[in-house]
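What the coordinates show
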Number of protein chains: 2
Amino acid sequence: MDKKTIIQTQSDLVADWDTLFRVFIRPEGQASRATLIKYMDRILYGLNDFLKKHVGITEAKSLKDLSEKFTGTIISDNPEKKLADVITCLIEDIAPHAVNVASPYFIGHMTSAIPFFMVHLKTIVTALNQNVVKLETSKIVSVIEKQVIAKIHRMIYNQDDAFYQTHVQNTDTTLGVFVEGGTTANLSALWAARNAVFAPKTGFAGIESEGIAAAFRAYDVDRCVVLVSRLGHYSLRKAAGILGIGNQNVIVLDTDKNNRVDITKLKQIISRIGKENPKTCILAIVGIAGATETGTIDPLEEMAEICAEHHIHFHVDAAWGGPTLFSKQYKHLLNGIHLADSVTIDGHKQFYMPMSCGMLYLKDPKKLDVIAYYAHYVNRWGSVDLGIKTLPGSREANSLILDCALKIMGANGYALLIDHGIETAAAFAREINKRDSFQLMTPPTLNILTYRLCPAAIQNKLNTADKTQRQGICEKLNVINQRLQRIQREAGSSFVSRTTLLRDNNPDDSIVVLRTVIMNPMTTISILNEILDEQEEIFETQLKALL
Amino acid sequence: MDKKTIIQTQSDLVADWDTLFRVFIRPEGQASRATLIKYMDRILYGLNDFLKKHVGITEAKSLKDLSEKFTGTIISDNPEKKLADVITCLIEDIAPHAVNVASPYFIGHMTSAIPFFMVHLKTIVTALNQNVVKLETSKIVSVIEKQVIAKIHRMIYNQDDAFYQTHVQNTDTTLGVFVEGGTTANLSALWAARNAVFAPKTGFAGIESEGIAAAFRAYDVDRCVVLVSRLGHYSLRKAAGILGIGNQNVIVLDTDKNNRVDITKLKQIISRIGKENPKTCILAIVGIAGATETGTIDPLEEMAEICAEHHIHFHVDAAWGGPTLFSKQYKHLLNGIHLADSVTIDGHKQFYMPMSCGMLYLKDPKKLDVIAYYAHYVNRWGSVDLGIKTLPGSREANSLILDCALKIMGANGYALLIDHGIETAAAFAREINKRDSFQLMTPPTLNILTYRLCPAAIQNKLNTADKTQRQGICEKLNVINQRLQRIQREAGSSFVSRTTLLRDNNPDDSIVVLRTVIMNPMTTISILNEILDEQEEIFETQLKALL
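Nothing here was measured: the structure is a model prediction, and the numbers come from that model. (Residues numbered from 1 in each chain as written. Chains lettered and ligands numbered in written order. Predicted model: local features only at pLDDT ≥ 70, side-chain atom pairs only at ≥ 80, totals over all residues.)

**Remarks on the interface of chain A and chain B**
Between chain A and chain B, the contact holds 140 residues from the first and 140 residues from the second. Its residues assigned to classes, the side of chain A that touches chain B comprises 70 nonpolar, 48 polar and 22 charged. (Contact = placed C-beta atoms within 7 Å. Nonpolar A, V, L, I, M, F, W, Y, C, P; charged D, E, K, R; others polar.)

This is the structure in structure tokens:
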């Protein structure tokens, strides 16, 4: 065999026009059709069966072992695999080492099972491949996006019929925008708030045009701040950093014993800034509706009042909690959200949409005018292109998924999910309180709670200990809970996350806690009990000696 | 019939736990399985058949007519539709009014047909629903993402084996990041450049922490600028606006007769800033590799040299042109790209991935350290979470699609697409030159060109006309080309876009041109001739009188 032949046998796959046509033109024959559908069957069922056989969260292989298998960095000239082999490889080799976020035992993060139909909807969106940045690549999809935005806006702001008739398809106004996720939504909200404060005026073309330094000079300001509770999402700091405000100017507000922003302290800080730093501008105050770590909700009504009084932009980060509005029983928890100037809600969280979809809603349909951008070839002045007032340019039509999901689920369907989460979390909290080994750290308002392993005897000791003793015990507990979480995660059959909270807002008193998010409707109290059992078992057999 | 019964008959769909379980748990019986697969068949084939029957770009219905049908803003309490009906509605009622971007007659924008297998790959990504922000919700997918990023990095920067062995799975370094699209990629590049210039130093915690005004004081700077040709993408202005630099500080550079940045003028402007405005800091110079409007490529090597000499961040926006590197025949067009500090490439453009996927690549694997963010519950210090150094938080695993696509297509497969586009565009340019009715405005470097309807007689007239006569003729031509594009678009069987270019960089001499992007491998020269025929026909029958 000469060298040439050897090379040919090494790869029987060749990139040529025939192959290319095959992948761009849908195969026409019945046999080809059957093949392509068989692939979908394998994706929908094969993948699922495989994950079910491996009931755990993930296979036990370590990250280091996995990494060592993925180090080649040369793109092969000829195709390496056919679609069928790629699918097989994804199902058999990749999926078992991915994370089975759909498992009811996966209760550590805000990523979970999604309804089966979501996969179908995403497939349609992909097959249509519309680009919602402009009408010329989306047409009716832009129209549907405006409608579904108006629907969610109405759920939040509940304006009258006339308002929605005016704005639902109004190409000059914007009730909301779809973005990649909560981070971009929060960034967009602060961007709009920043530009509104430093608007164009005589001799100044506006902050968007001239930049921050010029804006500060024009308005005689030397610092811009954003106020939010210490439970605010880290994307707010990131947004302040990106926007040129500086992330140290996100001022962290203390929380009360219910993990809600302390209103007295909020008032104090505003008044102190006014007196001591008259050149400091408060750009926005952010209320949280479903804190990432504790699920708690700030007193939105009172915050809105304060903002109104001081003419400060009030942003509500309801990335997590927004869909609570579906629940007739619990929507009162978000009272005051309709007073927000802007509201972030994530689609891939409690709308149970696939990754990744965020949204920003605006009380004032003209609010986003201050962030509009135009170009000669798209998004022209006077055009109806939705990309004019969004941070992203090209983007997929996730709005179509939300629109269909609302029709398939109905508000009541979503309400069932919300109610299940809140009520299961409450039952879980009772269970934690019942057990001697655990201490409930933040009781659930919504469907998130934190707790830690802390035997009753130790809890009693802590109550009577002096400061030094306390500190010693707490450090041990922190180590134990940190290890406990890791051991359970690595065992691979269930997953809770962990975070660090402060006791009494004291930065020197940080507590490692276990964090659970109950959003999977298949997560029952008996599964939660199994998870607690496993934790007790891990503690007894592996960690007790550390106390 | 009493009232209650009436209400019940109005809607036979009820949101209850049974329904909810059905949508979360995959149906188990053979019959249900067949049903779900049948839905996929309808999505893959029914949608396609329907679009084929309606060969045009879109149905003729006006936006106004469409909008009037989508004005309801109340979310129904009970489900409105079953999945089967939703799919039928999407295929029969929605798809015909969407834009058939897969048509070979759709040559107006950078959105086009995607290979059939991309739909399967996206379906897998959706079914797995991994969240790549953190390892705990993605595991192996984060590992694969690092590998595929290293592959593309190698295609751009071509470092040696040792370099890639060091970095491919290194959790401390970052060769690139996946983001939503080119806009976010460009924003991320300028964000990193900004933070590197205004780094922390004694008495200053860095621009990300303290903000721009403090940074300017610390570094004795009063203005920050970004330099880019007038053909730069509008996302650069948007990025400068967001970052607090001010979009007027994106300084537009004149282009030469080939629509490439004028190097002499670039040098002049740098030297002038140095002499006249020593407190102005040049944050970055941006080279374009595939201008949105003209497809042209800046002289990257010379720009890189200038940047190196002046220690300025060199960013290349190769959102469009990046994959030209696959083509052995044409990759030389991007010579110098490996000298860029950062490079933007879009996945949903010439990687033919579904909406929406952008990427940013970095020469220096530590470059993104200046934009890192941490949180207690994810992205902890020392963790390997990919979300630490990305603008977005939660995001879907588009990297998995790119990784599989590279294996299925091979570099040669992509090269065929690139070569086809470039060669078909060249043939199209020859055809335009041959015809008396048209004038080629920007000859193609890659697969994008612009031209306009301008009869030979008028072209001759323009050559001899005085300034006033010229202006009069040009205004008429602009109106004609504007209408021509609209009439053809509204007729609905083919689509070119339009934009406005400047003659000789003169803002008073703007020319409306037709713009075509040849990326669909099914777009042949005979289709392009049909499109020219239709334009001639429209001109003859509807627009000639305007001349």
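**Brief notes about the environment of Ala 189 of chain B**
All names here are of chain B. Looking at the secondary structure, you find Ala 189 in helix H9 (residues 182-197). Placed 46 residues apart in sequence, Ala 189 and Ser 235 show a C-alpha to C-alpha distance of 12 Å. Excluding residues within four positions of it along the chain, Ala 189 makes contact with His 315, Ser 342, Thr 344 and Leu 360. (Helix = DSSP H or I, 4+ residues; strand = E, 2+ residues; numbered from the N terminus.)

**Considering the sheet that holds strand S11 (residues 510-517) of chain A**
Residue and element names in this part refer to chain A. Taking strand neighbours across the sheet as the criterion, the four strands line up as S8-S9-S11-S10 in an open arrangement whose pairing is antiparallel. Edge positions in the sheet fall to strand S8 (438-442) and strand S10 (497-502), since each of these pairs with one other strand and no more. Each adjacent strand pair in this sheet contributes to an overall mean axis angle of 45°, direction not counted. Relative to S11, strand S9 (residues 448-453) is paired through four bridges, and the arrangement is antiparallel. Across the sheet, the residue bridging to Tyr 451 is Leu 514, located in S11. Here helix H17 (residues 467-491) sits on the sheet in contact with S9, S10 and S11, set at roughly 30° to S11. (Pairing = 2+ DSSP bridges. Axes fitted to C-alpha atoms, helices over the stretch in contact; angles between N-to-C directions.)

**A word on H17 of chain A**
Residue and element names in this part refer to chain A. In this model H17 runs 36 Å from its N-terminal to its C-terminal C-alpha over 25 residues, within 8% of the 36 Å that 1.5 Å per residue would give. Buried within H17 we find Leu 477, Ile 480, Asn 481, Leu 484, Gln 485 and Gln 488. Close packing links the buried residues of H17 with S9, S10, S11 and helix H18 (525-543). The positive-phi residue at the C-terminal boundary of H17 is Gly 492, with phi of around 90°. (Expected span 1.5 Å × (residues − 1). Buried ≥ 20, exposed ≤ 12 C-beta atoms within 10 Å, placed from the backbone.)

**Quick look at the packing of H17 of chain A against H18 of chain A**
All names here are of chain A. Where H17 meets H18, the closest approach of the two axes is 10 Å, and the angle between their N-to-C directions is 115°. Overall, the two elements H17 and H18 adopt an arrangement that is roughly perpendicular. Seen along the crossing, H17 lies across H18 with a hand that is right-handed. Of H18, the residues touching H17 (which contributes Ile 480, Arg 483, Leu 484, Ile 487 and Gln 488) are Glu 534, Gln 535, Ile 538, Phe 539, Gln 542 and Leu 543. (Parallel < 35°, antiparallel > 145°, perpendicular 65-115°, else oblique. Left-handed = near helix turned anticlockwise from the far one by under 90°.)

**Structural notes on the sheet that holds strand S2 (residues 223-229) of chain A**
Hydrogen bonding along the main chain pairs the strands of a sheet, whether they run parallel or antiparallel. Residue and element names in this part refer to chain A. Strands sit in the order S1-S7-S6-S5-S4-S2-S3 across an open sheet of seven strands; the sheet is mixed. Unpaired on one side and paired on the other, strand S1 (176-179) and strand S3 (250-253) mark the two borders of the sheet. Within this sheet the neighbouring strands show an average axis-to-axis angle of 20°, counted without direction. In this sheet, strand S6 (residues 342-346) lies alongside strand S5 (residues 313-317) in parallel orientation, the contact comprising three bridges. Among the inter-strand pairings, His 315 is bridged to a residue of S6, identified as Ser 342.

**Concerning the domain arrangement of chain A**
Splitting chain A by domain gives domain 1 (12-100), domain 2 (130-395) and domain 3 (414-546). In this structure, domain 1 of chain A and domain 3 of chain A have C-alpha centres spaced 39 Å apart. (Domains from an automatic or database assignment.)

**Some details on the packing of helix H9 (residues 182-197) of chain A against helix H12 (residues 234-242) of chain A**
Residue and element names in this part refer to chain A. Their axes nearest at 9 Å, the elements H9 and H12 cross at an angle of 50°. Between H9 and H12, the angle falls in the class oblique. Crossing angle aside, the handedness with which H9 passes H12 is right-handed. Within the contact between the two elements, H9 uses Gly 182, Thr 183, Asn 186, Leu 187 and Leu 190 and H12 uses Ser 235, Leu 236, Lys 238, Ala 239, Ala 240 and Ile 242. Here the contact of H9 with H12 is composed, by residue class, of six nonpolar, four polar and one charged.

**Brief notes about the relation of the copies chain A and chain B**
When chain A is fitted to chain B, the best match, at an RMSD of 0.0 Å, comes from turning it 180° and sliding it 0.0 Å along the axis. What we have between these two chains is a two-fold relation. By residue overlap, the copies meet face to face through one surface: 100% of the interface positions of chain A are interface positions in chain B. (Least-squares fit on C-alpha atoms with pLDDT ≥ 70 in both.)

**Concerning the pairing of strand S4 (residues 280-288) of chain B**
Residues and elements named next belong to chain B. In terms of residue burial, S4 counts as a mostly covered element, since eight of its nine residues are buried. Two strands pair when backbone bridges link them, and strand S2 (residues 223-229) and S4 are joined in this way by six bridges, in the parallel orientation. Bridging across to S4, Val 228 finds its partner in Val 286. One ladder, built from five bridges, connects S4 with strand S5 (residues 313-317); its direction is parallel. The residue of S5 that forms the bridge with Gly 287 is Val 316. Following the chain from S4 across helix H14 (residues 300-310) to the adjacent parallel S5, one finds a crossover that is right-handed. (Right-handed = clockwise from strand over helix to strand, strands pointing away.)

**A look at the confidence of the model for chain A**
Residue and element names in this part refer to chain A. Per-residue pLDDT for chain A has a mean of 93; in total, 96% of the residues score no lower than 70. Counting contacts from residues 1-10, a segment whose pLDDT is below 50, to residues more than four positions away or on other chains yields one contact. Among the scores for the predicted complex, ipTM is 0.95 and pTM is 0.96. (pLDDT = per-residue confidence, 0-100.)

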